[in-house]
Amino acid sequence: MKRTPQRSLLLFWLIALAWGGGMAAIAWVSPAQPALLLTAWSAGAALLLLLALYLGLSFRLDLLQVQQALREASADPQAGEAGKSALAPLWWPLIEAAAAQQPAGKIQPAPGADCINTQSKAQIDLLQTALAAERAQISVWQQKTAQAQAELGLLRRQVQDAAQALLPVESVLATVTLLPHPAPAAVEPQQDQSEALGALAVTLAGLTAEFATQVHAANQQEAAAAAQAQARGAQHAQAVATLCHRAGQLRQAVDDLQLFGLNLRLQLSHFADTPGVDVAVFRQAEADLDALLGGLQSLSADDLSSHPATDTAEPPVPEPFPQVGARLLAHLQLASAQINAAGQDLAQRSARLAQARAQWHAAAEQQIQQLASLPELLQRLRSALQQAAQKNS
Amino acid sequence: MKGVSSWLQFRLGDQTHALDATAVRQILRAPRLMPLPLTSARAQIPGLMAWQGRPLPVIDLGACLLRRSSLAGADARFLVWTQAQQAGVLVVDGVGALLRLSATTLTRHWAPTQPGLPPPWNAIRGVLHAGETADIAPTGFNCSLSTPIAVFDVAALWMACWDRLHPADGEGVR
């Protein structure tokens, strides 16, 4: 029986199956003997390993024999037949196929071989030309690399020079930052000015307060005068009302008298027509009565014409301090308004000055902080330059 | 005083008229009135007024002539008139001067009306006007004949107003 890969694998499977069954039987028969079980397992594992190695080696030998047979079959079909007999039938079709593909005569060069050689030479020439161009390009790149290295060396030297130049600046900055925060020289005059302005503002505030007191007193006097004038106006209105009432009564009396005179005049005219009456006496009485009625009517007409105006007109308010007091009060009010405006202007200027001073202090603090952080930045720059120089070197 | 005529001026609205002064007996201001049960003519006849023991009917002349009451005015006056057996009271807006004109003067300032006017304007007997010369002047009053004055016959005016208010039963009231 010839050895084949299928048979080898089947043998390996059967041995492994036997090994597993033996292990199960041992574990079932004597479960309390782990040493025996371990020994059996180890022995079985070793045997399987040896068997696997053997089978692999034998498979490799079969492959070598197949290759030998293929070579013999490709060279001489009879020799291939002899080698085929030493192999398993599994490999026979492969060997027979190799023997069948063997050409009948000796291999002759192809008719277009010269052409192929010419093309190959041309390609070789092209490749050599490209290789020369590539070498020229490489030389150019080498020159550029040398130039870049020279520039990098120059830059490195410049960086080192800059770092050396920064050293005194760092020392100066360290000195500056270590100093206390002195008030800038420009602040002092402004502080003096602000103090002077503050004193002036205080003085003006006191003056304004004094004027405000005077204005308040003037306002009180004005209010008192107005109250007095109002009281006089009320008295005058009351008097006017009384007069109007009396005028109304008088008007009523005039009307009554006029009506009475007219009736009397009518009666006299009736009596004058009576026979036996002294006509002259009646004529004189009628004339007197007509004069009286005429006076009453004129009086009534004058009263009617003048009454509406006096009734609707407002009573004149007497002025307690005519002209002089009003002018003085107006001057006081104008002066107080001007002083108040000047005080407000000064206060606004002081506020703006204080705000500008605060902004200047804030800017100075910010600059000092920036100066304090500048050495650190310079240190970072220096380290970065050094790192760059090291990388370049 | 023969040959002298007297007229009492009265006012209705913005017009001045006149009545024969001999017929006017008294001028009153706001007397007490007794309303009449005449609801339809209450505006024209406000009521009755007692005068010297006689009940006299009162006619609002403003309501009769101008279609608006004279009683509402503050200067309303009540003119008591008597003529023959007739008597009554006329309410006017106001009373003016008493005109006295002689016969010779009256001929220059008197213009009689022509018949044919509708009632109550047919009660106008004539018109007093200034004429060519301004020699007319009321006695005692500051007024003149700057505008013509219609002179009414008081009895005719009374009857015209009464007939206008009650044309059917006017005879019974008279």
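Structural data are supplied above this passage.
Residues numbered from 1 in each chain as written. Chains lettered and ligands numbered in written order. Predicted model: local features only at pLDDT ≥ 70, side-chain atom pairs only at ≥ 80, totals over all residues. Heavy atoms only, no water.

A.B. asks: Help me understand the pattern of salt bridges in this model?
C.D. replies: Enumeration according to the criterion identifies nine salt bridges over all chains in this entry. Between Arg29(B) and Asp255(A) there is a salt bridge, with the nearest N and O atoms lying 3.2 Å from each other. With Arg29(B) in the loop between strand S3 (24-28) and strand S4 (33-34) and Asp255(A) in helix H6 (residues 187-272), this residue pair bridges two chains. Since its relative accessible area comes to 27%, Arg29(B) is described here as partly exposed. Here the residues in one salt-bridge network are Asp255(A), Asp256(A), Arg29(B) and Arg77(B), joined through shared partners. (Salt bridge = Lys/Arg side-chain N within 4 Å of Asp/Glu carboxyl O. Helix = DSSP H or I, 4+ residues; strand = E, 2+ residues; numbered from the N terminus. Buried < 20%, exposed > 50% of the residue type's maximum accessible area, 1.4 Å probe, protein only.)

A.B. asks: How do you make sense of the pairing of strand S12 (residues 149-152) of chain B when you look at a structure like this?
C.D. replies: Consecutive residues of a regular strand have side chains that alternate between opposite faces of the sheet. All names here are of chain B. Across the two faces of S12 the burial is the same, with Ile149 and Val151 and Ala150 and Phe152 all buried. Two elements, strand S2 (residues 15-20) and S12, share three bridges in a ladder whose sense is parallel. Opposite leucine 19, over in S12, you have phenylalanine 152 as the bridge partner. For strand S11 (residues 124-128) and S12, the ladder comprises four bridges, and the chain directions are antiparallel. Bridge pairing links isoleucine 124 to phenylalanine 152 in S12. (Pairing = 2+ DSSP bridges.)

A.B. asks: I would appreciate a short explanation of the sheet that holds strand S5 (residues 47-51) of chain B in the present structure.
C.D. replies: Note on sheets: strands pair through backbone hydrogen bonds, and any given pair is parallel or antiparallel. Residue and element names in this part refer to chain B. In space, the six strands of this open sheet follow the order S3-S7-S8-S6-S5-S4, with mixed pairing throughout. Looking at strand neighbours, the two that pair on one side only are S3 and S4, the edges of this open sheet. Pairing geometry for S5 and strand S6 (residues 54-60), over five bridges, is antiparallel. Residue pairing for S6: methionine 49 is matched across the bridge by leucine 56. Each of S6, strand S7 (77-83) and strand S8 (86-92) is contacted by helix H3 (residues 154-165), which is oriented at about 75° to S8, the strand it contacts most. (Contact = heavy atoms within 4.5 Å. Axes fitted to C-alpha atoms, helices over the stretch in contact; angles between N-to-C directions.)

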